[in-house]
Amino acid sequence: MKTFVRILKKPITSTLIAILFGFLVAAVVLVFAGYNPWESFGALFKGIFAKPKYISNVIIKATPIILTGLSVAFAFKTGLFNIGAEGQYIAGTIAAVCVGVKFNFAPVVQVPLVVLSGVLAGAVFGGIIGFLKARFGIHEVITSIMLNWIGLYLSNFIVNTATYHQPNSTSSYAVNESSFTMLLPDWKTSKAGMAALKPNKWLYEMMLKTDVNFGILIAVVMAIIIWVLLYRSSKGYELRAVGFNRDAAEFAGINVGRNITQAMLIAGALAGLAGALAITGTSPHKISQMAAFENNGFNGLSVALIAGSSPIGCIFAGLLFGGLLYGGQSVQQDVGAPTEIINIMIGTIVFFVALTKIVPSLADKLERRGAQRAK
Amino acid sequence: MEVSRQYAVQMHGITKMFGSFCALNNVSLDVKKGTIHAILGENGAGKSTLMNVLYGLYQAEAGEIFLNGEKVNIKNPNVAIEHGIGMVHQHFMLVDNFTVTQNIILGNEIANRFGVLNMKKAREEILEIVKKYGLEVDPDAKIEDISVGMQQRVEILKALYRGVDLLILDEPTAVLTPQEIDDLIQIMHNLIADGKTIIIITHKLKEIKASSDVCTIIRRGEYIDTVNVADVDQEELATKMVGHAVQLVVEKTPAEPGEVVFEIDGLTVKDERKLDAVKNLSLKVRRGEIVGVAGIDGNGQKELVEAITNLTRAESGTIRINGAEIQNTSPRNVIDHKISTVHEDRQKRGLILPFTVAENMVIEKYRSQPYNKGGMLNRSEILAYTKGLIKDFDIRPDNCESQPVRGLSGGNQQKVILAREISNEPDLLIAVQPTRGLDVGAIEYVHKTLIRERDNGRAILLISLELDEVMNVADTIDVIYAGTIVDSFQQGEVDEKTIGLLMAGGKLNENIRQNS
């Protein structure tokens, strides 16, 4: 009993229970909609795990939302609600495309240049939000929502400028190949490469059928760096102090305004990095006319929530989310259930995660009941 | 004790657990009708828990409750209200931008059958209660515009308007000025005269002596004793409360002041409404001396502290520490000039509650050696340093260095702040309301610590709303009124009444000083 209660009190348990409940509710919805839940979930898991190609695509899909999730989680740990990850992500894609199309250096120079330009653009977007809050006290939610729209329309504007618009399409030119961050893009399509990969079916499929890229490594490294920054560095101590209690931090001589700006700069940089890596790492390596947000930033909010704002947790939450998004497509293909069902399921999981505070209090109740029975 | 109709409340064998923590263990309370019954205990002793059980906010694991001799089951506050129990909480539950009348009738509105409020009738009924018990309140004033003492009367009115017979007051004097406390005690007596019963939760001995008939003492969740207040003195009560003999009067040797360390000259500070809250204020603190600033809340103390610590701008005047001017710089600069401040609001300004004790200890030091190594926190060094301070300042539990400071009791939280600020080795230590909300044992500790630091040659500025505290601890007493120091005395030169008069804006004729 005691160990059971202790397990229940762990945050990860609550999250897992929430995920379970998400599936349960989705099953109910599926039954009502006239689909077999077993078949549907079967299709979902097959869509995630059945082929190396799928696993690879899940990881690719997860990369940007791990990073935007990290952006939101980091901001949250410093007391800020970064709903602007979407705009910062878009800013990252715009800058990466502009730089990646304009310049064509050797990859050693080109890749860092393109990626860093995206990081910088995201940081500027985030920094504006932070500065406005620090200097004038304007709430970050308002400014970031506005900047999301500015990002969206700025992107559409850039797509349609003469310099960047690819004729007879709804998108910009793709960035120069020297900017690509896929794993050995030239070698794998060469004769030697194909011959080398052929014997290993797994590798062959993953390398040739998907855009395997370095993004996930960078995302994992960033999650670790952010964790170290937050919990091991003096800067992180300062940022968290300001996040938890601005008044006490100010009283102790910490410059609150500067820390808010810096926190948003970093959060923006992470989302910008996500955008830049999406451009350099996956086709079509360009930005297109958007009618609505593509949700790479907004999904980051869900990822951060599922992860309980833990930087390391964002990696797993991002993979889960990416899996559901990608595997969800198979449910539609195999069972015919609409992707909306998957969206409901994701929504339910996030909803239950938001309710997870119930679990420890239930555990308390169990503990008390146990204590009473023992008497 | 036998169950009888003579008693308004009888709680027998109450046990309340929070998880595995036993907040109340087999506690009993018998309150006679028409009396003022005090419940005395230190912070965390279980006083509020016991009353919350009576008010239906908590359910006890064991025990019985009788009201007027009948057994009742108080499942929630609605049941308590139905039985005529009213509670005034320490933190008022009022709507700030509503008027007094609107607040009182909230939840008990009188309306005609179309749902239109009959404010006139409500107002009349309220005025009637006001008159009956001498509860001076303007029924049309907005809550945000009236004093804290007034707000408390509104809370009492709210209970009376609902027709309570038993009124529970949770730490009612914590926020009041000495004059307001006297008024409250008078109101309590008026209520008793009308046949009501009052339970007052407190840890202030003086007020129990002044107001109550009977007192029940609780210590660490255990019932200790019930005494007739007339039969015991304050020392006896204190001893029962803490479990060992305590000193109520602070022992100290005469000050041996050195040179002037800190000097404020002609300081003027505006408040949030752009009015002069501090006006042309001057004061001096010398090494090895405690200067106490006595005054009623709202006479510029808050703005004075904010100006010294650079949280707000000084309009004019100078603030000097060791000759260097520090006004209108930054909080960081103040700390760098060896001024350390124990802020009155522990939880807002003093501590970061979710941070561990160790993290809180280094909030002014985390960027300097050895706690910072190349931008990284040196965790082993920080923990070792914290463990040292926990031992030196007897912070409990003694293994709390990695626990969130939120879990500590108020007294131990204050010790964390004292330890942190004193270990800065400041030239000037500012203590603002350093014993607010602390129990007798902790208060004694804080006062002894201040005196010890004085004897170590520090200059200490004590700003407190508790006149007793200033009278007992300070060597020099500066009286603040309307933003300026109106007079200054040496300890023992004048009595409490004289200072009280000055605090309220009265004038002295010069020969009082010689006479007293």
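What you see is a predicted model, and the numbers here were worked out from it, not measured in a lab.

Undergrad: Could you give me a rundown of the overall build of chain A, with the residues and numbers involved?
TA: Assigned secondary structure in chain A consists of 18 helices and 0 strands. Taking 375 residues into account, the globule formula puts the C-alpha radius of gyration at 21 Å, and chain A, at 22 Å, falls close to it. Considered along the principal axes of its C-alpha atoms, chain A spans approximately 80 × 60 × 40 Å. The burial tally for chain A puts 50% of its 375 residues in the buried class. Put simply, 80% of the contacts in chain A that link residues at least 6 apart link residues at least 24 apart.

Undergrad: Quick rundown of the overall build of chain B? Include the residues and the values.
TA: In terms of helices and strands, chain B carries 18 helices and 22 strands. By the compact-globule yardstick of 24 Å for 516 residues, chain B fits well, its C-alpha radius of gyration being 25 Å. Seen through its principal axes, chain B has C-alpha atoms that stretch 70 × 55 × 55 Å. Here chain B holds 516 residues, and 45% of them are scored as buried.

Undergrad: Tell me about the nonpolar core, and name the residues and values.
TA: Counting 248 residues, the largest nonpolar core has A:Leu270, B:Leu54 and B:Leu462 as the members making the most contacts within it. Among the elements that make up this core, the one with the highest residue count is helix H14 (residues 256–281) of chain A (15 residues). Split by domain, the residues of this core number at least three in each of domain 1 (7–242) and domain 2 (260–515) of chain B. Excluding anything up to four places from it in sequence, A:Leu270 contacts A:Leu67, A:Leu70, A:Ser71, A:Phe74 and A:Met222. Formed by 5 residues, the second largest nonpolar core is a distinct cluster that contains A:Phe180, A:Met206, A:Met207 and A:Val212.

Undergrad: Tell me about the sheet that holds strand E20 (residues 459–464) of chain B, and please be specific about residues and values.
TA: All names here are of chain B. Ordered in space as E16-E19-E20-E13-E21-E22, the 6 strands form an open sheet in which the pairing is mixed. Whereas interior strands pair on both sides, the edge strands pair on one side only; in this sheet they are strand E16 (339–342) and strand E22 (484–490). The average angle at which neighbouring strand axes cross in this sheet is 20°, direction not considered. Sheet analysis places strand E13 (residues 289–294) next to E20, joined by 6 bridges and oriented parallel. Note that in E20 the partner of Val-291 across the bridge is Leu-461. Those strands touched by helix H17 (residues 496–503) are E13, strand E21 (476–481) and E22, and its axis lies near 30° from that of E21.

Undergrad: How would you explain the interface of chain A and chain B if you had to name every residue and give the values?
TA: The interface is formed by 18 residues belonging to chain A together with 26 residues belonging to chain B. Of all the elements in the fold, those that place two or more residues in the side of chain A that touches chain B are helix H12 (234–244), helix H13 (246–251) and helix H18 (358–374) of chain A. It is H12(A) that provides the largest number of residues to the side of chain A that touches chain B, a total of 5 residues. Split by residue class, the side of chain A that touches chain B holds 7 nonpolar, 4 polar and 7 charged.

Undergrad: So what's going on with unusual backbone geometry? Residues and values would help.
TA: All names here are of chain B. In this structure, Pro-370 follows Gln-369 across a cis peptide bond, with omega equal to -5°. Here Pro-370 lies in the loop between helix H12 (357–361) and strand E17 (372–373). Residue Pro-397 is reached from Arg-396 by a cis peptide bond, and omega for that bond is -5°. If you trace the backbone, Pro-397 turns up in the loop between helix H13 (379–392) and helix H14 (410–422). Of note, the phi angle at Asn-26 is positive, near 55°, even though the residue is not glycine.

Undergrad: Now, about the environment of A:Met264: what can you tell me, with residues and values included?
TA: All names here are of chain A. Mapped onto the secondary structure, Met-264 falls in helix H14. With 32 C-beta atoms counted inside 10 Å, the residue Met-264 sits in the buried group. Spatially, the C-alpha atoms of Met-264 and Asn-245 are 17 Å apart, while their sequence positions differ by 19 residues. Apart from residues no more than four positions distant in its own chain, Met-264 is found in contact with Ala-75, Leu-80, Gly-126, Gly-127, Ile-129 and Gly-130.

Undergrad: Any details on the packing of helix H6 (residues 107–136) of chain A against helix H7 (residues 140–159) of chain A? Residues and values, ideally.
TA: Residue and element names in this part refer to chain A. Between H6 and H7, the least distance of the axes is 9 Å, while the angle of their chain directions is 150°. Taken together, the axes of H6 and H7 lie roughly antiparallel to each other. As for the relative orientation of H6 and H7, their crossing is right-handed in sense. Along its contact with H6, which presents Phe-125, Ile-128, Ile-129, Leu-132 and Lys-133, the element H7 presents Glu-140, Thr-143, Ser-144, Leu-147 and Gly-151. Its residues assigned to classes, the contact of H6 with H7 shows 5 nonpolar, 3 polar and 2 charged.

Undergrad: Give me the lowdown on the domain arrangement of chain B, citing residues and values where you can.
TA: Buried accessible area, meaning the area lost when the parts come together, often serves as the stated size of an interface. All names here are of chain B. Domain assignment breaks chain B into domain 1 (7–242) and domain 2 (260–515). Computed over C-alpha atoms, the centres of domain 1 and domain 2 are 33 Å apart. If you look at the interface, domain 1 gives 11 residues, while domain 2 gives 13 residues. Elements with a minimum of two residues in the side of domain 1 that touches domain 2: helix H6 (178–193) and helix H8 (234–242). Top contributing element to the side of domain 1 that touches domain 2 by residue count: H8, with 3 residues.

Undergrad: Any details on the environment of A:Leu183? Residues and values, ideally.
TA: Mapped onto the elements, A:Leu183 comes out in the loop between H7 and helix H8 (185–189). Apart from residues lying up to four places away in sequence, A:Leu183 is in contact with A:Met207, A:Val212, A:Asn213 and A:Phe214.

Undergrad: I'd love a proper account of the environment of A:Ala337, names of residues and values included.
TA: For A:Ala337, the location among the structural elements is in the loop between helix H16 (311–335) and helix H17 (339–354). Setting aside residues no more than four positions away along its own chain, A:Ala337 makes contact with A:Leu30, A:Ala33, A:Tyr35, A:Ser40, A:Val331 and A:Gln332.

Undergrad: Run through the pairing of strand E14 (residues 316–321) of chain B, naming residues and quoting values.
TA: Residue and element names in this part refer to chain B. Bridging between strand E11 (residues 260–270) and E14 involves 5 bridges; their strand directions are antiparallel. In the sheet register, Ile-264 faces E14, and the bridge partner there is Ile-319. One ladder, built from 2 bridges, connects E14 with strand E15 (residues 324–325); its direction is antiparallel. Bridge pairing links Ile-321 to Ala-324 in E15.

Rules used in this analysis
- Residues numbered from 1 in each chain as written.
- Chains lettered and ligands numbered in written order.
- Predicted model: local features only at pLDDT ≥ 70, side-chain atom pairs only at ≥ 80, totals over all residues.
- Helix = DSSP H or I, 4+ residues; strand = E, 2+ residues; numbered from the N terminus.
- Rg over C-alpha atoms; globule rule 2.2 N^0.38 Å.
- Buried ≥ 20, exposed ≤ 12 C-beta atoms within 10 Å, placed from the backbone.
- Contact = placed C-beta atoms within 7 Å.
- Core = buried A, V, L, I, M, F, W, Y, C linked by C-beta atoms within 7 Å.
- Domains from an automatic or database assignment.
- Pairing = 2+ DSSP bridges.
- Axes fitted to C-alpha atoms, helices over the stretch in contact; angles between N-to-C directions.
- Nonpolar A, V, L, I, M, F, W, Y, C, P; charged D, E, K, R; others polar.
- Parallel < 35°, antiparallel > 145°, perpendicular 65-115°, else oblique.
- Left-handed = near helix turned anticlockwise from the far one by under 90°.

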